[in-house]
Amino acid sequence: MSNSKILFFLIAFICGNTISQAQQYNFIKYTIQEGLPQSQVFAGIQDSKGYIWFGTQGGGVSRFDGIEFENFSTKVGLPSNYVNEIYEDNKGLIWIGTSKGLCYFNGKHIQEISFEKQKIEGIGALLQVTDSTLWIGSKNGIYEYSYPKKVIRKLKIHPKLDVFGINDFYWSKNGIWVASNGGAWLINEKVKRFIVKDGLLGNVIQSFSKSQNGNLWITSFDGGINVFDESKMKFVDLKSNPKTKKALCLYPNSDGNMWVGTRNNGVMIYNPLDSTWTQISEKQGLPHNHVRAIFKDNWDNIWICTSGGGVAKYMGQFFVHYNVSNGLQGKYIYALANDTSGHILISASNNGLSSFDGYGFQKFRRDSQYVDVKCKTILSTENGNVWLGTEGKGIVKIDSTGYRIFSEERGFSSNWIRSLIEDDEGNIWAATHTKGIVKIDELFTKKIVDSIEIDSIYYEFQTFSTQNGLPDQYVACLKKSNDGKIWFATRMGRLGYFENGELKRVYDYKNGLPDLAIRTIQFDENNYIWIGVGGGHGVYFASLDDDDLKFKPLESEQSLYSDNIYLLQFDPNGNLWAGSEIGVDKISFNDAGVVVSIQHFGRNEGFLGIETCQNSSIVDKEGNLWFGTMNGLTKHIPTQTLNTVSKPKIHFNEIALFYKPLSETNYKDFALSKGGIKNGLKLPYHQNHLNFEFKAINQSTPKNIKYRWRLQGAEKKWSPFSKKESVDYSNIAPGKYHFEVQARSAESNLSDIIYADFEIKKPFWQLLWVQFLAGLLILLLLATIFYRWKKKLEIKEAEKREKLQVENHVLQLEQKALQLQINPHFIFNALNSIQSLVATKDFKTARTQINNFATLMRGILSNSKKQKISLSEEIIVLEKYLKMEQFCQRVPFQFNITCLDFDPDEVEIPPMILQPFVENSVIHGIAHLQKKGKIDINFSITYGLLTCEIIDNGVGRKRAEELRQSRKPGHQSIAMDVTRQRLNALKGNLNFVPLDTDDVLN
């Protein structure tokens, strides 16, 4: 071996060992570009809701939910933008100590604490001592703030404490430790001070922490680290490291190691098992070597706050990321492959081929030759050869003899290669960008050179294009199935396979495929084919056991984070990984092949490469996944788990009543400062529109959060999981309700359930006693209505019966009146008188009287059929009657009928009502005279009433009665009685009232 080669291997060996000794840490870095207000971060905590808070020097304070930063500065009430300390008390208030004073965040706003008599500056430490008091460490001593009184007072603990600035408080079993610029102080019943002469390495004490064995660690900026045994009250020897001299902060990890943040050397990690120190600095990926704070969140992520480099989040080694600083030849990783020796072959940017042997990256070299070109696909065959598909320079074959080029200049069909695959016979298949598919047959023959028989290789090319059955010449990828078939996918959404070197089948939209570019193909152990589609169509699959493939889109309650698929890759556990422009999605299945979860990994979840390259993924011989991205190379070890054991933390952001926060309504006493509501909230029936706004935090997988909820009392089932962070309920019916909401970051990683109990009171009219009373009143009302209806019905029936009776009685009276008017004596006398005229042969007079008699009878009979007749008709009948009486009576008389100042045709009266009075005047008055009689009948209208006055010169009522009784003792006038009854019956219905019935009816 030449000296140069020996030197090369020595260098490679030394470099390989150097890389193996330096572990690569993957940090997710947050700076101003990601939304952090300032790169100098001096303080950091996680609050009880899961938010991460950062205090910066000049940018104020920032709250981080895993996705976005919410920044607070002097513009919204911060006393100063220089923040040294952040602290959460047991009420959920976030206290912020700044260089110019103190404030707190109440969940919505920054509230500054104003001190009228004392001005506190340079606040460096906060500690809640009791539920009602807060200690404030400042540059001029310790103050105590009283919650209920909202007053502050200076604590007179020790005069020298007022001189030195306070940097930290720590509460241990022995009392409260105070870190100051003038030593460490232990405050209990007594005050004890520790300085350099007592064993401290420095007097400028920065922080305290407890190790797993219970010892107190103390950092000093001017001396390093001390360990103090509180049980024995003495310092313990520690195998120190000079890089920890300017120690600023401490964090005891759960693995027993102590993390120490330093001024210039990043993080120093102490392992108590072997007393060794490990450094994490900018060389290992830390954004800055000046570390001000270290803490861990609920998901085991370690946060490192730096002065100048922002914040770094360490999630463990779930993903290991490599970039140019680790030795990669370029940042764009277009293709990956496993070679026969177990190395990873890598196509990086336009720098050809390189390899990774587990220790480091080397440029791929054989016989001092190499290829510097962009390679889109790498194929490592079983015989150890390597085939490269390039963009613009065809195919490069690398074997033990060197390089062989297949290009258009050398008779190959295309210089633009997308995919390479080897079939079971050892033939190479190449997918070109625009020229279809080429099958390369490698043939061997014998030839004699210098009398020596040697093997000779030559190649035959078979091109498949649209002319011989290929549906599309723009071929995106090739893949060999488990049964040896060579499958292809095209840019136009066509899929097919070759078998035994022949094109056998093509599938298209008729089989359920979208008319979009198919970028990747994978096969699983259950004989399913999976394809990744571009243009937002996601993943499709079909069973190869079916005679005619029917492709269906991937269906799940959870969705892929992006449906623009660049690659698909199965891991050894059967999970399908889908790469896109924003990271990878891990699709997990149950034993029945049903999707049970989809988990996204992007930058916030540790997948720092972010955008994957098409079909740039492999599984190495150890089962690890490798992804080529546009930002380097990412490795995933499936046996490791992401820090997602802890479930998401969920809380109420706000509960609103009719779109107004509950804390701003009349029910503000029920609003909790940490969110949610107290028990016992009862709302009036018209205050029934509630909005619940909630938020869940998972700092490991922040973008996977989804929610479900239900309102027990109105809903029995949970809602489907969704990204919505609020829900409205309007027109809630009266009743008791229990609102529940839950979050998840993965299928089986559910948060606790948070809830809010409340009651919508019934309106007063829905109360039982009111309803009972109302029911009783309604019953009484109905009974009253029924009673009145019944009485009214009875009255109507009685009136109806009475009316019928009256009508019947009137009819009977009219019949009697008719009978009385057609008096048999009158008829007999009239006919007898007419007969005497006939006997005397006075035929003319007899005819006249017969005509009068007939007219009278016809008038009486005609009028008897009417309810009313005009007064003129009544007068005609009276005139005919009186003329007949003049003819029949022996005593002559004259009569006169007069209507005063009105037209008798316009007045109506009941028929047969006046004749009995006139007859009474004739029969009982005039008939007894010895002289000529006279009758006057006068009609007049007085006060709207018709008045009839009958005046005769007869013997008078008294003498007429005596004469009647002498002839017919006890006789009562039937006609008068009938007329009186008719008048009484018709009195209420007719406009006719006699002036004096008793006087006139005789």
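Our subject is the structure that appears above.
In this text, all values refer to a predicted model and were calculated from it rather than measured experimentally.

J.: Could you clarify how one ought to interpret the overall build of the chain in this entry?
T.: The number of helices and strands found in the chain is nine helices and 70 strands. Counting only residues that meet the buried cut, the chain has 51% of its 1002 residues in that class. Restricting to contacts in the chain with at least 6 residues of sequence separation, those with at least 24 account for 52%. Accessible surface, the chain: about 49400 Å² in total, of which carbon and sulfur atoms supply 49%.

J.: Can you walk me through helix 5 (residues 871–888) in this structure?
T.: An α-helix turns once per 3.6 residues; consequently, residues spaced three or four apart project the same way. Relative to the 26 Å expected for 18 residues at 1.5 Å per residue, helix 5 spans 25 Å between its end C-alpha atoms, a close match to the ideal helical length. Extensive coverage of helix 5 is indicated by the burial of 13 of its 18 residues.

J.: How do you make sense of the nonpolar core when you look at a structure like this?
T.: Generally speaking, nonpolar side chains in soluble globular proteins are found buried as a group. Residues Leu871, Leu882, Ile909 and Phe939 are the most contacted members of the largest nonpolar core, which totals 38 residues. If we skip the residues at most four places from it in the chain, Phe939 touches Leu871, Ile875, Ile897, Thr898, Cys899, Leu900, Phe902, Leu914, Leu946, Thr947 and Cys948. Listed in part, the 28 residues of the second largest apolar core include Phe694, Ala696, Ala743 and Phe758.

J.: Where do I start with the sheet that holds strand 23 (residues 258–262) in this structure?
T.: Backbone hydrogen bonds are what pair the strands of a sheet, in a parallel or an antiparallel way. With antiparallel pairing, the four strands of this open sheet are ordered in space as 22-23-24-25. In this open sheet, the two strands that pair with only one neighbour each are strand 22 (247–252) and strand 25 (276–280). The sheet shows a mean angle of 25 degrees between the axes of neighbouring strands, direction not considered. Two strands pair when backbone bridges link them, and strand 24 (residues 267–271) and strand 25 are joined in this way by five bridges, in the antiparallel orientation. Counted as the bridge partner of Tyr270 is Trp277 from strand 25.

J.: Please clarify how the environment of Asn226 should be interpreted in this entry.
T.: Positionally, Asn226 belongs in strand 20 (residues 224–229). With ten residues separating them along the chain, Asn226 and Leu216 place their C-alpha atoms 8.2 Å apart. Asn226 has contacts with Gly199, Leu200, Leu201, Leu216, Trp217, Ile218 and Phe235, leaving out every residue within four places of it along the chain. Reaching out from Asn226, the side chain makes a polar contact with the backbone oxygen of Gly199 at a distance of 3.1 Å.

J.: Is there a simple way to explain the sheet that holds strand 53 (residues 595–601) in this structure?
T.: As summarised here, the arrangement of the four strands in space is 50-51-52-53, forming an open sheet in which the pairing is antiparallel. Among the strands making up the open sheet, the edge pair consists of strand 50 (567–570) and strand 53. The average angle at which neighbouring strand axes cross in this sheet is 20 degrees, direction not considered. Across six bridges, strand 52 (residues 583–589) lies against strand 53 in antiparallel orientation. If you follow Phe589 over to strand 53, its bridge partner there is Val595.

J.: I keep staring at the packing of helix 5 against helix 6 (residues 915–924) and nothing clicks. Help me out?
T.: Axis angle and axis distance: for two packed helices, these are the angle between their axes and the distance between the axes, and together they describe the pair. One can describe the packing of helix 5 onto helix 6 by two numbers: an axis separation of 11 Å at closest approach and a directional angle of 20 degrees. Compared by their axis directions, helix 5 and helix 6 come out roughly parallel. For the element pair helix 5 and helix 6, the recorded crossing hand is right-handed. For the pair helix 5 and helix 6, the contacting residues are Glu874, Leu878, Tyr881, Leu882 and Glu885 in the first and Gln915, Val918, Glu919, Val922 and Ile923 in the second. The class makeup of the residues in the contact of helix 5 with helix 6 is six nonpolar, one polar and three charged.

J.: Honestly, the packing of helix 4 (residues 843–863) against helix 5 in this entry has me stumped. Any pointers?
T.: Relative to each other, helix 4 and helix 5 sit at 140 degrees, their axes nearing to 9 Å. When the axes of helix 4 and helix 5 are compared, the crossing they make is left-handed. For the pair helix 4 and helix 5, the contacting residues are Gln849, Asn852, Phe853, Thr855, Leu856, Gly859, Ile860 and Asn863 in the first and Glu873, Val877, Lys880, Tyr881, Met884 and Phe887 in the second.

J.: Even after reading the chapter, I still don't get the pattern of salt bridges, so can you show me in this structure?
T.: Should the charged atoms of two oppositely charged side chains come close, the side chains can pair. Under the definition given, this model contains 24 salt bridges. Between Asp515 and Arg494 there is a salt bridge, with the nearest N and O atoms lying 3.2 Å from each other. Placement of the pair is Asp515 in the loop between strand 45 (502–507) and strand 46 (518–523) and Arg494 in the loop between strand 43 (486–490) and strand 44 (495–499), with a sequence separation of 21 residues. The salt bridge involving Lys647 is made with Asp752; its shortest N-O contact spans 2.7 Å. Pair noted here: Lys647 is in the loop between strand 56 (632–636) and strand 57 (649–657) and Asp752 is in the loop between strand 64 (749–750) and strand 65 (754–760), with a separation of 105 residues, a long-range link. Taken together, the shared-partner salt bridges connect Asp65, Lys695 and Glu725 into one network.

J.: Which parts of the structure should I look at to understand unusual backbone geometry?
T.: For residues other than glycine, phi is negative in most cases, and the peptide bonds are mostly trans. Backbone geometry places Asn527, a non-glycine residue, at a positive phi of 65 degrees. Its location among the elements puts Asn527 in the loop between strand 46 and strand 47 (528–533). Its identity is not glycine, yet Tyr943 carries a phi of approximately 55 degrees, on the positive side. Within the element layout of this structure, Tyr943 appears in the loop between strand 69 (933–942) and strand 70 (945–952). When its relative accessible area of 83% is taken as the criterion, Tyr943 is described as exposed.

J.: Explanation requested: a nonpolar patch on the surface in the structure shown.
T.: Where nonpolar side chains cluster on the molecular surface, the patch consists of Tyr685, Phe764, Trp765, Leu767, Trp769, Phe772, Leu773, Leu776, Leu777 and Leu780 and spans about 1100 Å² of accessible area. Inspection of the secondary structure assignment puts Trp769 in helix 2 (residues 768–821). You can call Trp769 exposed: its relative accessible area is 58%.

J.: So what exactly am I meant to see when it comes to the packing of aromatic side chains here?
T.: Two aromatic rings are characterised by how far apart their centres lie and by the angle between their planes. A full pass over the atoms with the stated rule returns 69 aromatic pairs. Ring geometry for Trp177 and Phe228: centres 5.5 Å apart, planes at 70 degrees, overall edge-to-face. Of this pair, Trp177 sits in strand 15 (residues 175–180) while Phe228 sits in strand 20, placing them 51 residues apart in sequence. Judged by relative accessible area, which is 1%, Trp177 ranks as buried. By relative accessible area, which is 1% here, Phe228 ends up buried. Above the face of the Phe42 ring, Arg292 is positioned so that its terminal group lies 3.8 Å from the ring centre. Positioned over the ring face of Tyr30 is Arg603, at 5.1 Å from the centre of the ring.

Parameters at a glance
- Residues numbered from 1 in each chain as written.
- Predicted model: local features only at pLDDT ≥ 70, side-chain atom pairs only at ≥ 80, totals over all residues.
- Heavy atoms only, no water.
- Helix = DSSP H or I, 4+ residues; strand = E, 2+ residues; numbered from the N terminus.
- Buried < 20%, exposed > 50% of the residue type's maximum accessible area, 1.4 Å probe, protein only.
- Contact = heavy atoms within 4.5 Å.
- Areas by Shrake-Rupley, 256 points an atom, 1.4 Å probe, with all protein chains shown as cover.
- Expected span 1.5 Å × (residues − 1).
- Core = buried A, V, L, I, M, F, W, Y, C linked by side-chain atoms within 4.5 Å.
- Pairing = 2+ DSSP bridges.
- Axes fitted to C-alpha atoms, helices over the stretch in contact; angles between N-to-C directions.
- Polar contact = N/O pair within 3.5 Å; in protein donor to acceptor, adjacent residues only side chain to side chain.
- Parallel < 35°, antiparallel > 145°, perpendicular 65-115°, else oblique.
- Left-handed = near helix turned anticlockwise from the far one by under 90°.
- Nonpolar A, V, L, I, M, F, W, Y, C, P; charged D, E, K, R; others polar.
- Salt bridge = Lys/Arg side-chain N within 4 Å of Asp/Glu carboxyl O.
- Patch = residues over 30% accessible without salt bridge, like charges linked within 9 Å, V, L, I, M, F, W, Y side chains within 5 Å.
- Phe/Tyr/Trp six-rings, centres within 6.5 Å; stacked < 30°, edge-to-face > 60°.
- Lys NZ or Arg CZ within 6 Å of the ring centre and 35° of its normal.

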